[in-house]
Amino acid sequence: AKQDKLFYFAPTVVVYRDSDSRCLIMKRHEREVVGGGKWATPGGKLERKDLPEQVNRNALENLLIRETLEECGVELIPEFSYLRSLTFVRPDGIPVITLSFAARYKSGEVILEAGSFTKHAWVNAEEVKQYDCLGAIPDEIVQTIQLFTKSQ
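These numbers were taken from a predicted model, which means no experiment stands behind them. (Residues numbered from 1 in each chain as written. Predicted model: local features only at pLDDT ≥ 70, side-chain atom pairs only at ≥ 80, totals over all residues. Heavy atoms only, no water.)

(A) Representation of the side chain of E67 in the model. With respect to the helices, strands and loops of the structure, E67 is situated in helix 1 (residues 59-72). This buried residue, E67, is left without a salt bridge; R66 holds the nearest opposite charge, at 4.0 Å. Look past the residues within four positions of E67 in its chain and what remains in contact with it is G43 and G44. (Helix = DSSP H or I, 4+ residues; strand = E, 2+ residues; numbered from the N terminus. Buried < 20%, exposed > 50% of the residue type's maximum accessible area, 1.4 Å probe, protein only. Lys, Arg positive; Asp, Glu negative; His and termini not counted. Salt bridge = Lys/Arg side-chain N within 4 Å of Asp/Glu carboxyl O. Contact = heavy atoms within 4.5 Å.)

(B) Representation of helix 1 within the structure. The terminal C-alpha atoms of helix 1 lie 20 Å apart, and with 14 residues this matches the ideal 20 Å at 1.5 Å per residue to within 8%. Restricting attention to buried positions, one finds in helix 1 the residues A59, L63, L64, E67, T68, E71 and C72. The arc that holds the buried residues of helix 1, viewed along the axis, is 155°, so those residues lie on one side. G73 sits one or two residues past helix 1 and shows a positive phi near 70°. (Expected span 1.5 Å × (residues − 1). Arc of directions from axis to C-beta.)

(C) Structural view of the environment of L112. Note that L112 resides in the loop between strand 7 (95-107) and strand 8 (117-123). Along the primary structure L112 and E71 are separated by 41 residues, whereas in three dimensions their C-alpha atoms are 5.7 Å apart.

(D) Up close: the nonpolar core. Among the nonpolar cores identified, the biggest contains 16 residues, and V13, V15, L24 and F80 are the most heavily contacted of them. Among the secondary structure elements, those contributing two or more residues to this core are strand 2 (12-17), strand 3 (22-28), helix 1, strand 7 and strand 8. Here this core gets three residues from one element, more than from any other, and that element is strand 7. What F80 contacts, discounting residues up to four positions off in sequence, is V13, E61, L64, I65, F101, A102 and A103. By size, the runner-up hydrophobic cluster in this structure holds 15 residues, among which are I25, A121, V123 and I137. (Core = buried A, V, L, I, M, F, W, Y, C linked by side-chain atoms within 4.5 Å.)

See below:
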């Protein structure tokens, strides 16, 4: 790849729990390059290993399922709704493209990935405003709750 064409592709997912209409947020470790100490949702970077020589169907969905399980021990129902896109340049100069999705909680007790996150909370649309969240997270929480409560 050409130097001026390199970037991270880092999708995220808002996890929605039907039982109480709340969404999961997690506090990023202070040492994180992007959003250290801020509250965020699960996600991860698409890596070369996710891009085999053959076409990889559902690469984003599989990435989000895997990262959510790794980062917080939660399983998702594998049906995703697109929320928004976001681009920014990290403090270390690397451009990032993020696509945000919403998915329903399937099962699992929240167990945070050591060294990546320090706390978690299940929040509603009002409570999320009390947290120091990364970027558009509060808006994505509101959008996710509206999306899933309309479909019930």
